[in-house]
Amino acid sequence: MADLASERSNQSGSAPILVASNRGPVSFISEDDGTLTLRRGGGGLVSGLSAIDDPSAVWVCAALSEADRQAARQAPDGRLDLAGHDVGGQAVRMLDIDPGTFARAYNGVANSTLWFVHHLLYDTPTTPNFDDRFRREWESYTAYNAAFAEALAAEAAPGAAVLVQDYHLSLAPALLRALRPDLRIGHFSHTPWAPPEYYRLLPDDVAAAVLTGILGADRAGFLTRRWALAFADCCESVLGAEVDREALTVTHDGRTTALGVHALGADADFLRERAHRADVDARLAALREAVGERSTVVRVDRTELSKNIVRGLLAYRHLLRTRPEWQDRVVHIAFAYPSRHDLPEYREYTAAVQRIAHEINDEFGTATWQPLILHVNDDFPRSLAAYRLADVALVNPIRDGMNLVAKEIPVVSDGGCALVLSREAGAFAELAEDAITVNPYDVIATADALHAALTMPAAERADRTKRLAAAATALPPQQWFLDQLAAL
């Protein structure tokens, strides 16, 4: 094994900067005639990578669909740019990982285990069950991470900087270091990190492997200091690592990994420009017609278990039941977009969201007032229209690495909005001073917070919104990415 690692470490590509993530900047769909159509992605990572002006930089990602796998197979070593695809001026290597291996790694471990652990989502009397099936999934997760490590090792120039993204690739830094010890490796966690007593739900060997995998990096990044310290606590508890909480370092097995905190912010220029295009204006007009002169409470989320949509709806119902003065004076606009419907827990959760929404409209609706407008189909222009219309933004996750919606709405809001924010959102660290804080499990307190937000004087709301927008855009995606690169 050592000989293999030594041999591979002498082989190198030409990329001085590399990014690795499960989802890449592009995806493909197969047309009826068999041709492939490329679609560009969005989000903070895509915006961040655009800050690199080096055409030799490479983004390594996984093929997520059969059309993606077909495109990857048709490209030399999966290099989409070398196959003539317009991938935005950067090189992209898409990995054609066996579909079964990918599904077990992605759904079985990443989304059904690590995500559940870090967001504290398990119903512990019945789950998790780490049995033979899980062990097969874990083998696939290891193989999936190894495929990324080998691709990165092949593409990286000597001494290159590699930024590995998120919980899907927690093993990749250590695997890559074994192949290419010359590289500068960073890992960034976009999720929260579980406290040790919860993290240790994982099998002991798996808990250790995830931590040592990330500690293979020179630097491990987190969205808040709270999550960085939780990671350090787990390293100390599980591995017996030496932790310096002031310097933010973890030393284990003769190596020291620095911990960094980078609070990803909203892309103000993009959001403000995009929010005033014609398609958004049209959707805004439709929403205004539906709402009339009433106040609005807006939430935009995926139907993700951690987003706490159900308790938000229950809080709105409690508001209408206990403060009847709000009946016919407020509309709750709730956009709950589908998420992970291949997992039964998510299908059941989406059904619960829809059921409670119907109950609210049945209980309070009149011929001229629909108290709740729910959409479960994704529509980005409509989301931006709701952002602009919001008098109150409800962001009440039970746990969230950051939550960009809490940052985006104040940036886009036309008239200023009051932010009702869970103390368990990563964004709380930056926005708490000008938000109305809620315990996400307390339905009655959340209803009270909605009342306080709806009755906030317009001048105060406008002032708070300005301060929220300034805090929300302090570290836009491009600078967020460049800061991590500079730290390596």
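Above this note sits the structure.
Reading the values: rules and limits
Residues numbered from 1 in each chain as written. Predicted model: local features only at pLDDT ≥ 70, side-chain atom pairs only at ≥ 80, totals over all residues. Heavy atoms only, no water. Pairing = 2+ DSSP bridges. Helix = DSSP H or I, 4+ residues; strand = E, 2+ residues; numbered from the N terminus. Axes fitted to C-alpha atoms, helices over the stretch in contact; angles between N-to-C directions. Contact = heavy atoms within 4.5 Å. Buried < 20%, exposed > 50% of the residue type's maximum accessible area, 1.4 Å probe, protein only. Phe/Tyr/Trp six-rings, centres within 6.5 Å; stacked < 30°, edge-to-face > 60°. Salt bridge = Lys/Arg side-chain N within 4 Å of Asp/Glu carboxyl O.

Student: What should I look at first to understand the sheet that holds strand E15 (residues 392-395) in this one?
Tutor: The pairing of strands in a sheet happens through backbone hydrogen bonds and is either parallel or antiparallel. Pairing in this open sheet of six strands is parallel, and the strands run E14-E13-E12-E15-E16-E17 from one edge to the other. Edge positions in the sheet fall to strand E14 (372-375) and strand E17 (436-438), since each of these pairs with one other strand and no more. In this sheet, neighbouring strand axes are inclined to one another by 15 degrees on average, regardless of whether the strands run parallel or antiparallel. The pairing of strand E12 (residues 295-302) with E15 spans two bridges and is classified as parallel. Each residue of the ladder has a partner; that of Val 297, found in E15, is Val 392. The strands touched by helix H12 (residues 309-322) within the sheet are E12, strand E13 (330-337), E14 and E15, with E13 carrying the most contacts at an inclination of about 170 degrees.

Student: How should unusual backbone geometry be read in this particular structure?
Tutor: Note on backbone geometry: most residues besides glycine have negative phi, and most peptide bonds are trans. Of note, the bond from Thr 127 into Pro 128 is cis; its omega dihedral lies within 30 degrees of zero at 5 degrees. Relative to the helices and strands, Pro 128 resides in the loop between helix H4 (99-118) and helix H5 (132-155). Its identity as a non-glycine residue notwithstanding, Leu 120 has a phi of 55 degrees, on the positive side. Mapped onto the fold, Leu 120 is located in the loop between H4 and H5. For Leu 120, a relative accessible area of 29% translates into the label partly exposed.

Student: Honestly, the packing of aromatic side chains in this entry has me stumped. Any pointers?
Tutor: Within a pair of aromatic rings, the relevant descriptors are the distance that separates the centres and the angle that separates the planes. Tallied over the full model, the rule gives 15 aromatic pairs. Geometrically, the ring pair formed by Phe 222 and Phe 231 is tilted, given 5.3 Å between the ring centres and 40 degrees between the ring planes. Using a relative accessible area of 0% as the deciding quantity, one classes Phe 222 as buried. Given a relative accessible area of 0%, Phe 231 falls into the buried group.

Student: Looking at this model, I keep getting lost on the sheet that holds strand E8 (residues 219-222). Mind explaining?
Tutor: Pairing within the open sheet is mixed, and its nine strands lie in the order E5-E4-E1-E6-E7-E8-E11-E10-E9. Both edges of this open sheet fall to strand E5 (91-95) and strand E9 (242-244), since each of them pairs with a single strand only. Neighbour-to-neighbour, the strand axes of this sheet turn through a mean angle of 20 degrees, independent of strand direction. Running at roughly 135 degrees to strand E6 (residues 156-165), helix H19 (residues 477-487) makes contact with strand E1 (15-20), E6, strand E7 (184-189) and E8 of the sheet.

Student: Explain the pattern of salt bridges to me, please; I cannot follow it from the model alone.
Tutor: Should their charged atoms come close, side chains of opposite charge can pair. What the rule picks out here adds up to 32 salt bridges. A salt bridge links Asp 218 to Arg 177; its shortest N-O distance comes to 2.7 Å. Taken as a pair, Asp 218 in the loop between helix H8 (204-214) and E8 and Arg 177 in helix H6 (residues 172-179) lie far apart in primary sequence, 41 residues in all. For Asp 218, a relative accessible area of 28% translates into the label partly exposed. You can call Arg 177 buried: its relative accessible area is 14%. A salt bridge links Asp 379 to Arg 283, with the shortest nitrogen-to-oxygen separation between them at 3.1 Å. With Asp 379 in the loop between E14 and helix H14 (380-389) and Arg 283 in helix H11 (residues 278-291), the pair connects residues that are 96 residues apart, well separated along the chain. In this structure Asp 379 comes out as buried when scored by relative accessible area, which is 15%. Via salt bridges that share partners, Glu 66, Arg 69, Arg 73 and Asp 96 belong to a single interconnected network.

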